[in-house]
Amino acid sequence: NVNLKINGLEVSAPAGSTILEAAHLAGIKIPTLCFLKEINEIGACRMCVVEVKGARNLVAACVYPVTEGMEVYTNTPKLIKSRRRTLQLLLSNHDKKCLSCVRSGNCELQQLCREYGVEDENYFEGKTNHYELDDSAAHMIRDNNKCILCRRCVAVCEKTQGIGVIGPNNRGFDTFIGSAFDMGLGETSCVSCGQCIAVCPTGALYEKDYTNQIIEAIADPDKYVVVQTAPSVRAGLGEEFGYPMGTDVEGKMAAALRRIGFDKVFDTDWAADLTIMEEATELLDRVKNGGVLPLITSCSPGWIKYCEHYFPDMTENLSSCKSPQQMFGAMLKTYFAEKEGIDPKKIVSVSVMPCTAKKFEIGRDDQNAAGVPDVDIAITTRELARLIKRCGIDFTALPDEKFDDPMGESTGAGVIFGATGGVMEAALRTAVEVLTGEELANLEFTDVRGTEGIKEASYNVAGMDIKVAVASGLNNARNLLNKVKSGEASYHFIEIMGCPGGCVNGGGQPQVSGDVRNFTDVRAIRAGVLYRNDQAKSIRKSHENPAIKKLYEEYLGEPGSHKAHEYLHTTYVK
Ligand code: HC1
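About the criteria used
Residues numbered from 1 in each chain as written. Predicted model: local features only at pLDDT ≥ 70, side-chain atom pairs only at ≥ 80, totals over all residues. Heavy atoms only, no water. Helix = DSSP H or I, 4+ residues; strand = E, 2+ residues; numbered from the N terminus. Rg over C-alpha atoms; globule rule 2.2 N^0.38 Å. Buried < 20%, exposed > 50% of the residue type's maximum accessible area, 1.4 Å probe, protein only. Contact = heavy atoms within 4.5 Å. Areas by Shrake-Rupley, 256 points an atom, 1.4 Å probe, with all protein chains shown as cover. Lys, Arg positive; Asp, Glu negative; His and termini not counted. Charge placed at Lys NZ, Arg CZ, Asp CG, Glu CD. Near = heavy atom within 4 Å. Polar contact = N/O pair within 3.5 Å; in protein donor to acceptor, adjacent residues only side chain to side chain. Nonpolar A, V, L, I, M, F, W, Y, C, P; charged D, E, K, R; others polar. pLDDT = per-residue confidence, 0-100. Pairing = 2+ DSSP bridges. Axes fitted to C-alpha atoms, helices over the stretch in contact; angles between N-to-C directions. Parallel < 35°, antiparallel > 145°, perpendicular 65-115°, else oblique. Left-handed = near helix turned anticlockwise from the far one by under 90°. Salt bridge = Lys/Arg side-chain N within 4 Å of Asp/Glu carboxyl O. Core = buried A, V, L, I, M, F, W, Y, C linked by side-chain atoms within 4.5 Å.

Student: I'm lost on the overall build of the protein in this one. Help?
Tutor: Helices and strands together make up the secondary structure of the protein, namely 20 helices and 17 strands. For 574 residues, the compact-globule estimate of 2.2 N^0.38 gives 25 Å, and the C-alpha radius of gyration of the protein, at 25 Å, lies within 12% of that figure. Taking all 574 residues of the protein together, 59% fall into the buried category. Long-range pairs, those at least 24 residues apart, make up 74% of the contacts in the protein between residues at least 6 apart in sequence. Summed over all atoms, the accessible surface of the protein reaches about 22,800 Å², with 49% contributed by carbon and sulfur. Both charge centroids of the protein, one from 63 positive and one from 76 negative side chains, sit 6 Å from each other.

Here is the structure:
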């Protein structure tokens with residue numbers, strides 16, 4: 001360890017720590033803006049400047065390493081003045097329409113201005129830039145008038161996702177973030193993961209919002225409006241209403257959706273169980289009959305788009321299963337509509353997802369089992385929070401309620417889909433029992449749990465070694481697939497999720513400010529909600545879901561049947 005003094009306080013920090021980390025250990029907060037641990041460590045914004053005794057200039061605490069005997073000051077009048085000037089300079093070229101800004105209340109720039117008493121936001125008046133909004137992508141809008149050039153979005157796209165379709169254009173005062181040759185984002189090979197939105201500190205990046213369309217559909221007496229909620233939404237939504245990260249708000253969420261006026265409040269987890277039935281069947285079929293292996297999961301639409309763009313020679317490896325979101329919509333407008341005698345054309349199928357790529361997925365070809373789109377509107381967890389607030393619902397005062405039947409009934413296997421490794425674990429719970437014909441003694445496949453980017457495991461099932469791997473975050477996916485392609489690694493089954501940590505950390509989840517993200521594993525805390533939810537369920541295997549069994553008995557026949565293929569499976573483009 002290294003011993004130093006911060007604001008006169010003796011601090012001991014591991015060698016190699018930055019001043020920011022050492023201060024955090026001592027309970028001293030240094031403000032940051034551009035810094036994101038392991039993603040954007042460029043020391044550019046100058047918010048985290050501190051004084052180091054003997055140093056000629058102020059230093060950036062986020063990248064400056066501690067040394068033995070160092071004396072650091074973090075809140076002198078000089079520093080506070082410097083940070084206020086930095087903020088005033090940022091504001092001098094910033095669209096300050098804070099009243100209606102989607103990030104008002106959780107904008108990191110706004111918060112710092114408040115903390116540093118930036119009262120005169122026009123202190124440096126002068127030339128300003130004006131940019132057109134980029135709304136060319138299916139899922140999001142870029143408003144560079146609110147961009148502060150922190151480059152967090154650029155870094156997450158390049159490093160975490162390995163995509164790099166955005167970067168700085170021009171130089172100096174004319175610098176703006178966008179795609180090469182100033183193309184619209186929709187014209188690039190962006191995969192719609194929304195990780196750029198998740199890390200943006202201001203209102204420069206946000207999802208296309210459909211909350212008002214939902215309010216209108218619900219008010220239309222000719223429409224039958226049904227909602228499904230993804231596994232991870234219950235693990236994130238509470239953060240928008242002041243609950244600590246890691247709070248399960250499933251019951252309040254169901255109650256809120258009912259009060260908004262949805263005709264049925266259903267659960268994507270039901271369709272996750274259905275996906276396992278189809279996908280486990282597909283896996284066993286490919287293993288037994290010499291099909292293309294490894295089989296790779298297909299529920300994450302960001303990953304699917306990535307595979308189509310960047311690994312077109314591997315689309316045959318993709319499971320032909322539609323995602324749970326789409327399977328849900330397909331069964332809603334066929335099975336449920338027929339059962340209830342409702343014209344599928346009158347049904348408005350709404351999904352709430354932790355994901356922005358789901359907005360893109362609903363418009364893909366071959367996602368219309370009943371001849372109309374399986375899902376009509378996909379909103380994010382953040383949009384649901386807005387919808388609840390706009391409808392005047394006092395979320396914290398709501399009772400816990402249950403989902404409706406039959407498409408609200410799910411197992412523990414369905415809910416863990418939202419964490420990296422969860423789809424794999426859910427599939428193994430079913431595939432192993434089907435292969436061995438015996439009940440599993442232990443349902444927990446802990447080797448595939450946890451937030452590491454790539455996980456591997458091997459299981460001996462009925463005398464056969466089944467090798468599996470799990471990757472989340474597209475850069476990890478690329479590294480794993482390159483090993484498979486080169487022959488360095490081989491597996492039977494791979495789970496890939498586009499977002500690091502899986503859907504719990506999806507691009508549509510509540511934004512977590514840098515100062516929290518830098519010192520908290522958001523992925524693990526939210527995943528904990530799903531694993532506890534699984535543990536508390538009486539039924540934890542998809543093939544034991546009574547509502548899914550009934551669906552096969554009444555409607556689909558067997559998993560992998562002709563009818564199941566027609567409604568629940570899809571194809572990919574190269
Ligand atoms: Fe996901 Fe899925 S788990 S993709 O991460 O397979 O979005 O939560 O809904 O469709 O079930 C997302 C989450 C979600 C699908 C399921």
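Student: What should I look at first to understand the site of the ligand in this one?
Tutor: Close to the ligand lie 16 residues; Ala230, Ser232, Gln325, Lys358 and Cys503 are nearest. Contact distances for the ligand include 3.4 Å between an oxygen atom and a backbone N or O atom of Pro324. Here an oxygen atom of the ligand sits 2.9 Å away from a polar atom, N or O, in the main chain of Gln325. Its residues assigned to classes, the shell around the ligand shows 10 nonpolar, 5 polar and 1 charged.

Student: What is the right way to look at the confidence of the model for the protein in this model?
Tutor: Reading fine detail from the predicted coordinates is not recommended where pLDDT is low. Residue-level pLDDT values for the protein average 97, and 100% of them are 70 or greater. The ipTM value of the predicted complex is 0.94, and its pTM value is 0.97.

Student: Would you explain the sheet that holds strand E16 (residues 464-472) in this entry?
Tutor: The strands making up a sheet associate through backbone hydrogen bonding, with each pair oriented either parallel or antiparallel. Within the open sheet, the 4 strands sit side by side as E12-E17-E16-E15. Their pairing is mixed. Single-partner strands in this sheet number two, and they are strand E12 (295-296) and strand E15 (454-461). Judged from the 5 bridges that link them, E16 and strand E17 (residues 493-497) form a sheet pairing that is parallel. If you follow Ser472 over to E17, its bridge partner there is Met497. Across the sheet, helix H16 (residues 474-486) lies against E12, E15, E16 and E17, angled at about 145° from E16, the strand it touches most.

Student: How do you make sense of the packing of helix H2 (residues 77-91) against helix H3 (residues 108-115) when you look at a structure like this?
Tutor: Relative orientation of the contacting elements H2 and H3 amounts to 135°, with a least axis distance of 10 Å. As far as their axial angle goes, H3 and H2 are oblique. Crossing of H2 against H3: the hand is left-handed. For the pair formed by H2 and H3, the contact residues are Leu87, Leu90 and Leu91 on the first element and Leu109, Leu112 and Cys113 on the second. Residues belonging to the contact of H2 with H3 are distributed by class as follows: 6 nonpolar, no polar and no charged.

Student: Just checking my understanding: could you explain the side chain of Thr356 for this structure?
Tutor: Within the element layout of this structure, Thr356 appears in the loop between strand E13 (347-353) and helix H12 (357-361). Looking at Thr356, its side chain comes within polar contact range of the main-chain oxygen of Cys193, at 3.2 Å. Side-chain polar atoms of Thr356 contact the backbone nitrogen of Gly194, separated by 3.3 Å. Here Thr356 is in contact with His139, Ser192, Cys193, Gly194, Ile197, Glu207, Thr380, Arg382, Gly507 and Gly508, once residues within four sequence places are set aside.

Student: I tried to follow the packing of helix H9 (residues 268-289) against helix H19 (residues 546-556) on my own but got confused; where do I start?
Tutor: Packed helices, taken two at a time, are described by their axes: the angle between them and the distance between them. Direction vectors running N to C along H9 and H19 enclose 65°, while the axes themselves pass 10 Å from each other. Relative to H19, the crossing made by H9 is right-handed. Across the interface between the two elements, Trp270, Asp273, Leu274, Met277 and Glu278 of H9 pack against Ala547, Ile548, Leu551, Tyr552 and Leu556 of H19. The residue makeup of the contact of H9 with H19, split by class, is 8 nonpolar, no polar and 2 charged.

Student: Mind showing me how you'd approach the pattern of salt bridges here?
Tutor: When the charged atoms of two side chains lie near each other, side chains of opposite charge can form a pair. Scanning all chains against the criterion turns up 34 salt bridges. Note that Arg152 and Glu108 form a salt bridge whose closest N and O atoms lie 2.8 Å from each other. With Arg152 in helix H4 (residues 152-160) and Glu108 in helix H3, this pair connects stretches of sequence that are 44 residues apart. Overall, Glu108 belongs to the buried group, its relative accessible area being 7%. Through salt bridges with shared partners, a single network forms among Glu425, Arg429, Glu444, Arg449, Asp534 and Arg540.

Student: Just checking my understanding: could you explain the environment of Pro559 for this structure?
Tutor: With respect to the helices and strands, the residue Pro559 is situated in the loop between H19 and helix H20 (562-568). On the accessibility criterion, Pro559 (25% relative accessible area) is partly exposed. Remark: the alpha-carbon pair of Pro559 and Thr275, spanning 284 residues in sequence, is separated by 9.7 Å. Those residues in contact with Pro559, other than ones at most four positions away along the chain, are Met277, Glu278, Thr281 and Tyr552.

Student: I'm lost on the pairing of strand E1 (residues 2-6) in this one. Help?
Tutor: The two faces of a sheet get side chains in turn, since along a regular strand they alternate between them. On E1, burial follows the alternation: Val2, Leu4 and Ile6 on one face are buried, whereas Asn3 and Lys5 on the facing-out side are not. Counting the residues in the hairpin turn of E1 and strand E2 (residues 9-13) gives 2 residues, including Asn7, whose phi is positive at 50°. Sheet topology note: the E1/strand E5 (residues 71-73) ladder contains 2 bridges and is parallel. Opposite Ile6, over in E5, you have Val72 as the bridge partner.

Student: Just to check I follow, could you spell out the nonpolar core for this structure?
Tutor: Nonpolar side chains tend toward joint burial in soluble globular proteins. Ile296, Trp303, Leu481, Ile494 and Ile496 are the most contacted members of the largest nonpolar core, which totals 40 residues. Mapped by element, the contributors of at least two residues to this core are H4, helix H5 (195-199), helix H10 (301-310), E16, H16 and E17. Looking at which element gives the most residues to this core, the answer is H16, with 5 residues. For Leu481, the contacting residues outside a window of four places in its chain are Ile296, Trp303, Phe311, Met314, Ile494 and Ile496. Counting 33 residues, the second largest nonpolar core, distinct from the first, contains Phe241, Val249, Met253 and Ala255.

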